[in-house]
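Spelled out from the first residue to the last, the chains are:
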Amino acid sequence: MDDQQQRVNEEDSGEAAEGQRNLKPANSNPWYILATVHGEQDGEYFDKELHQKNRRTWNRWMSAALNEGTRTALIEKHGVDPGDLRPVAQHDLGEIEQLTAERLAFKELALPDPGNPGEPAVIDFELVDFAQHLISDGFVFPGKARFYGATFRNQARFDGATFSKGAAFDGATFRDVALFGGATFRNHAGFLGATFRGSTHFEGATFRDVVVFEDATFESSATFYGATFRDAALFAGATFRGVGFQYAIFMDRAVFGDATFRSATFDGATFRNEGAFHGASFTIRARFDRAIFRGGAWFSGATFKGSAGFGHVTFASTTSFDEARFGESPDFRDARFPFSTTWRRVPWPPPRRRTAASDVEHYASLRHAMDVAKRPDAELVFFVLEMQARRYTDIPLLQKLAINIHLGLADGGRSLGRPALAWLLAFVLAFLVEGVTLAPGVFAIPSPLAFEVMRLSLGSAIIIGAPMFDPRKLEQLRLSLPHLTGQPELPAGLSPLPDWLQLLGVAHAGFSALCLFLMALAIRNWLRLR
């Protein structure tokens, strides 16, 4: 099924769900009639002059529910025009009643009471079906604004709006653009399970209390650029097609657990409390460049299927990437980690030939970061991954051979058993080859001859008494065969001692030296980890 057909099916199913919720026409709601006193926005583009008239009438009507402190704050801190907050005079009231009389009478409605400063009225738009654009830029909502389950079929604009007693958009559906740029939510803001089908804008918005976007769905692009979250920001289980939180400030918990991101950008964001992304999934791209995590950073069980960028990120407190999964080597260049950083059970993606150059950079950066953080266990893991990537780069043949030997024979310094086993096998092989070659047909185990040959091989294995230090040792051992075998003279038909046997002893000593070095390195790494 192609994307277009899928979108059509989703819209059909969405319309069916909206019908099951028994939506009410906007013109049957007195608050909507008040918000559109001077007319509805029914054109393709909204009428700015019409909006200014509607905004001023709405705000003046609502000013009856504002105390002097709130009115002053709206003017001085939020830039509300003082004229918008001037109480409605008697002659103004008559004009408003005249403008709304026909629409109110048709539904037997009355203009809503805004309440008073001590008890502002609830502004109720629950289950309202907004067929036209709803342009509420700069609107002031003194009481709680309820938009539970509402449907916005065209633009929903709340740029610069102020919600003083909370805003509830739980279960709402935005089928076109949703604009909340610069909006201020002074109390709880709820978007639980809301659906945003068009582009969504919360840039510069301020949330002074808890905001809930749990299980919300953003089917198009969404931006929270420069938004400020002064209390908990809950996005657990939300689904994003493409979202930007660049330079957003999270002053309390930011919870994105089990959220799904097709593409996400958190460049320059600041998390002053914990940032929780446990179980989150990033399909194409995740960027946190220059983000700051002052509290805990939790990416446990997160999945990064595409690129993951954490360049210049500062992790200042407990950081966990336990059981995280990366489809590509993550970019943590110049990132800073605390000692309390964990990477338990992370199946790191193996370096690939086509990405070898970037893999080297990425794993080298992590190795260096873990060295600075005094985490030798993680440093060793990233060192091995860096070496694995270097094998695919354009380096000299001898260097590539050395890397392959180090990785294959000692797992990059992590294995003591591999070089120990290689050392033992080399010793046994040298022992058998030297014994059979020195005395073919009479070499037996056990025997005095076998004991002497074992001494010689052991000398090579521990690099003392090796043939390279005494080239005559093999020949002397050969001349001692009558004594060692109990025979009166050398066996008949004994061929001259081959030159390669001397070379075998030298090679055995060199290989044993390498194995002993790798064993010492593994022990040293083991002690560092302890």
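Criteria and cut-off values
Residues numbered from 1 in each chain as written. Predicted model: local features only at pLDDT ≥ 70, side-chain atom pairs only at ≥ 80, totals over all residues. Heavy atoms only, no water. Helix = DSSP H or I, 4+ residues; strand = E, 2+ residues; numbered from the N terminus. Buried < 20%, exposed > 50% of the residue type's maximum accessible area, 1.4 Å probe, protein only. Contact = heavy atoms within 4.5 Å. Areas by Shrake-Rupley, 256 points an atom, 1.4 Å probe, with all protein chains shown as cover. Pairing = 2+ DSSP bridges. Phe/Tyr/Trp six-rings, centres within 6.5 Å; stacked < 30°, edge-to-face > 60°. Lys NZ or Arg CZ within 6 Å of the ring centre and 35° of its normal. Polar contact = N/O pair within 3.5 Å; in protein donor to acceptor, adjacent residues only side chain to side chain. Salt bridge = Lys/Arg side-chain N within 4 Å of Asp/Glu carboxyl O.

K.L.:
I'd like a rundown of the overall build of the protein, residues and numbers included.
P.N.:
Along the backbone of the protein there are 13 helices and 38 strands. The buried share of the protein, reckoned over its 530 residues, is 49%. Across the protein, every contact between residues at least 6 apart in sequence was considered, and the portion connecting residues at least 24 apart equals 34%. When the accessible area of the protein is evaluated, it comes to approximately 24,700 Å², of which 53% is carbon and sulfur surface.

K.L.:
Describe the pairing of strand β30 (residues 281-287), naming the residues involved and giving the relevant values.
P.N.:
Looking at chain direction, strand β27 (residues 260-265) and β30 are connected through five bridges and run parallel. Paired with F261 across the two strands is F282, which belongs to β30. Sheet topology places β30 next to strand β33 (residues 303-304); two bridges connect them, and they run parallel. Residue pairing across strands places S281 opposite T303, the latter belonging to β33. Strand direction decides the pairing type here: β30 and strand β34 (residues 307-309), joined by three bridges, are parallel. Residue R287 lies in a different strand from β34, and its bridge partner there is G309.

K.L.:
How would you summarise the packing of aromatic side chains if you had to cite specific residues and measurements?
P.N.:
By convention here, two paired aromatic rings are described through the distance between centres and the angle between planes. Using the criterion set out here, one finds 104 aromatic pairs in the structure. Aromatic side chains F245 and F266 sit 4.9 Å apart centroid to centroid with 5 degrees between the ring planes, which places their arrangement in the stacked category. Within this pair, whereas F245 is found in the loop between β24 (239-244) and β25 (249-250), its partner F266 is found in the loop between β27 and β28 (270-271), the two being separated by 21 residues in sequence. An identical accessibility class is assigned to F245 and F266; each is buried. Between R375 and the ring centre of F339, over which it is positioned, the NZ or CZ distance is 5.1 Å.

K.L.:
Quick one: what's the story with the pairing of β24, residue by residue and with numbers?
P.N.:
Along a regular strand, successive side chains alternate from one face of the sheet to the other. Where strand β21 (residues 217-223) lies against β24, five bridges are found, and the strand directions are parallel. By the bridge assignment, T217 is partnered in β24 with T239. Across four bridges, the pairing between β24 and β27 is parallel. Bridged to F240 within β27 is F261.

K.L.:
Now, about the sheet that holds β28: what can you tell me, with residues and values included?
P.N.:
The strand order across the open sheet built from nine strands is β7-β11-β15-β19-β22-β25-β28-β31-β35, with neighbouring strands paired in parallel fashion. Strand pairing shows two members of the sheet lacking a second neighbour, β7 (140-141) and β35 (314-315), which therefore form its edges. As defined by bridge partners, strand β22 (residues 228-229) adjoins β25 across two bridges and the pair is classed as parallel. Its bridge partner being in β25, T228 is matched across the sheet by I249.

K.L.:
Outline the side chain of D129, listing residues and values.
P.N.:
Looking at where D129 falls in the secondary structure, it is placed in strand β5 (residues 128-130). Within the structure, the side chain of D129 is placed 2.8 Å from the side chain of R153, a separation counted as a polar contact. Filtering out sequence-adjacent residues up to four positions away, D129 remains in contact with L23, K24, P25, A26, T151 and R153.

K.L.:
Run through the pattern of salt bridges, naming residues and quoting values.
P.N.:
Oppositely charged side chains can form a pair if their charged atoms are brought close together. One pass over the full model with this rule turns up 19 salt bridges. The salt bridge involving E126 is made with R146; its shortest N-O contact spans 2.2 Å. One end of the pair, E126, is in the loop between β4 (123-124) and β5; the other, R146, is in strand β8 (residues 145-146), with 20 residues separating them in the sequence. Linking D289 and R287 is a salt bridge whose minimum nitrogen-to-oxygen distance equals 3.2 Å. Here the salt bridges share partners, and the residues they tie into one network are R55, R56, D81 and D84.

K.L.:
If you had to explain the sheet that holds strand β12 (residues 167-168) to someone new, which residues and values would you point to?
P.N.:
Spatially, eleven strands are ordered β4-β8-β12-β16-β20-β23-β26-β29-β32-β36-β38 in an open sheet, and the strand pairing comes out parallel. If you trace the sheet from one side to the other, it starts and ends with β4 and β38 (341-342), each paired once. Pairing analysis gives two bridges linking strand β36 (residues 319-320) to β38, with the strands arranged parallel. Residue pairing in the sheet places S320 in a bridge with T342 of β38.

K.L.:
Tell me what's going on with unusual backbone geometry, and back it up with residues and numbers.
P.N.:
One non-glycine residue, H312, adopts positive backbone phi at about 60 degrees. As for its placement among the helices and strands, H312 is situated in the loop between β34 and β35. With a relative accessible area of 37%, H312 lands in the partly exposed category. Phi at D411 is positive, roughly 55 degrees, even though this residue is not glycine.

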